[in-house]
Amino acid sequence: MTVRMLEEKMISIGILTYHKAKNYGAFLQAYGLSQRLNEEKDINAEIIDFSMKREKKRYKVGNNPIYIVKNFKQWNHYKRLYNGFEKGYKKAPISKDRCVSDSIEDFDNFVKNKYDIIITGSDEVWRLKSFRGFPNPYWLPGEIKCKKVSYAAASSTSNFEKQPDDIKYKIIEYLNDFEYITVRDKNTYNQISTIANYNDRLEKMPDPSFVYDYKANGDKGRRILKEQFKISSNDKIAIVMTENVKLQKMIGNVIGNTHKIVSVYDYADGFNNLSDITPFEWLDVIAGADLVLASYFHAICFSVLNNRRFLAFGTDAKKDKLTEVLESVNLEKFFVDIEDISEAILSEKIQFCIDEEYDCHKEINEQRDKFIYFVDILRTIGEKNERKQHWKQ
């Protein structure tokens with residue numbers, strides 16, 4: 001095999017993540033990562049259609065503790081929400097074969113020899129206290145006959161150092177198998193650095209939502225809202241995404257007379273509740289909003305990417321991933337500590353974000369440049385893998 005043939009070899013990549021979690025961001029980060037990789041002429045990437053049986057049980061309407069179903073209206077809302085996700089899956093580059101199992105051995109057999117590289121992440125794929133358990137296939141713990149890489153993997157609420165020795169040693173063992181480890185947040189980076197020295201192959205990378213151009217259509221988003229709720233083109237639209245009932249009520253009291261309020265994802269009494277949309281239509285709705293008020297990570301990411309007025313709600317004490325992503329684009333001023341909120345403070349903050357303009361194209365482009373570096377590393381890993389296979393022949 002000549003050097004030229006090696007250079008023309010397509011790198012086959014499988015992406016392992018929570019693509020079928022009933023969460024707009026989880027799906028779109030998987031879609032964005034796969035599509036961005038497929039923009040490279042020498043890469044063929046797909047999302048591995050794997051999920052755990054525990055996930056299927058968890059995301060059944062009425063089983064998920066995120067969705068507190070008290071009456072038929074709420075049950076119907078979440079049922080329609082799930083239908084929207086199912087329609088979205090059909091548009092994603094997902095593998096033809098599917099595996100649903102809680103077994104690491106089943107996963108290993110499913111992917112063995114199928115890819116040159118498997119990328120695990122983004123999302124909280126390495127969270128220890130999870131219904132998926134530990135270990136699980138998202139750590140790529142077995143013999144899968146390919147190179148292992150992570151992209152923007154996270155375990156933002158875990159603490160590896162404080163785990164019992166047997167778990168800590170397992171984490172180190174699994175990560176030792178990775179050619180290249182990239183994480184999404186400082187906390188995960190520090191956890192990994194604390195338990196072992198991976199400095200030569202450990203990097204912090206941006207969430208996939210920042211590296212792909214989703215081409216959201218705000219006009220289409222407003223048409224969706226007009227059809228469902230008779231919202232006119234002259235109305236100001238506020239998209240709300242929070243499970244916090246107290247905050248929902250405050251928002252209604254503060255802007256109920258000035259904006260048409262649409263709750264997306266969570267059911268909220270007194271608001272227009274939007275659910276039967278695909279993740280791509282959700283992007284359009286975000287892009288068409290005049291104001292986004294959210295406590296969800298990707299709702300804020302896509303508000304920034306579409307230059308929408310927004311407020312991000314979280315807990316200041318945690319300094320979590322939401323705060324960190326705002327710092328990366330110099331927009332910390334749009335973060336509100338939910339623990340100290342009142343209607344007066346909320347009114348002041350909303351007026352501030354309506355009046356304040358921002359432009360973070362420079363910061364977004366810098367994050368996309370980091371991804372180009374990541375792709376170059378993938379090529380190096382893929383070429384090493386191809387040469388190794390050639391020498392064995």
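Residues numbered from 1 in each chain as written. Predicted model: local features only at pLDDT ≥ 70, side-chain atom pairs only at ≥ 80, totals over all residues. Heavy atoms only, no water.

1. Quick notes on the sheet that holds strand E9 (residues 260-264)
Sheets are built from strands paired through backbone hydrogen bonds, the pairs being either parallel or antiparallel.
And step 1. Overall, parallel pairing links the 6 strands, which are arranged E10-E9-E8-E11-E12-E13 in an open sheet. At either margin of the open sheet sits one strand with a lone partner, and together these are strand E10 (272-274) and strand E13 (335-337). Pairs of neighbouring strands in the sheet enclose a mean axial angle of 25 degrees, with direction left out of account.
And step 2. Where strand E8 (residues 237-241) meets E9, 4 bridges bridge the pair, whose relative direction is parallel. The partner of Val 240 across the bridge, within E9, is Ser 263.
And step 3. Running over the sheet, helix H11 (residues 297-305) touches E8, strand E11 (291-294) and strand E12 (310-314) and is turned about 160 degrees from E12. (Pairing = 2+ DSSP bridges. Helix = DSSP H or I, 4+ residues; strand = E, 2+ residues; numbered from the N terminus. Axes fitted to C-alpha atoms, helices over the stretch in contact; angles between N-to-C directions. Contact = heavy atoms within 4.5 Å.)

2. Some words on helix H4 (residues 72-89)
And step 1. In a regular helix each residue adds 1.5 Å, so 18 residues correspond to 26 Å; H4 covers 26 Å between its end C-alpha atoms and thus fits that length.
And step 2. For H4, the complete set of buried residues consists of Gln 74, His 77, Tyr 78, Leu 81, Tyr 82, Gly 84, Phe 85, Gly 88 and Tyr 89. Taken down its axis, H4 places every buried residue within 155 degrees of arc, on the same side. Along H4, exposed side chains directed more than 90 degrees from the buried face belong to Phe 72 and Lys 73.
And step 3. Where H4 is buried, its residues contact helix H2 (24-38), strand E3 (94-100), E10 and helix H10 (279-288). (Expected span 1.5 Å × (residues − 1). Buried < 20%, exposed > 50% of the residue type's maximum accessible area, 1.4 Å probe, protein only. Arc of directions from axis to C-beta.)

3. Comments concerning the side chain of Ser 263
And step 1. Tracing the backbone shows Ser 263 in strand E9.
And step 2. Ignoring any residue separated from it by four or fewer positions in sequence, one finds Ser 263 in contact with Val 240, Ala 268, Phe 271, Asn 272, Asn 273 and Leu 274.

4. What to know about the pairing of strand E6 (residues 178-183)
And step 1. Of all 6 residues that make up E6, 5 are buried, and the element is covered over most of its length.
And step 2. Inspection of the sheet shows E6 paired to strand E7 (residues 202-204) by 3 bridges, in the parallel sense. When the bridges of E7 are listed, Thr 182 appears paired with Glu 203.
And step 3. Traced from E6 through helix H7 (residues 186-195) to E7, the parallel crossover comes out right-handed. (Right-handed = clockwise from strand over helix to strand, strands pointing away.)

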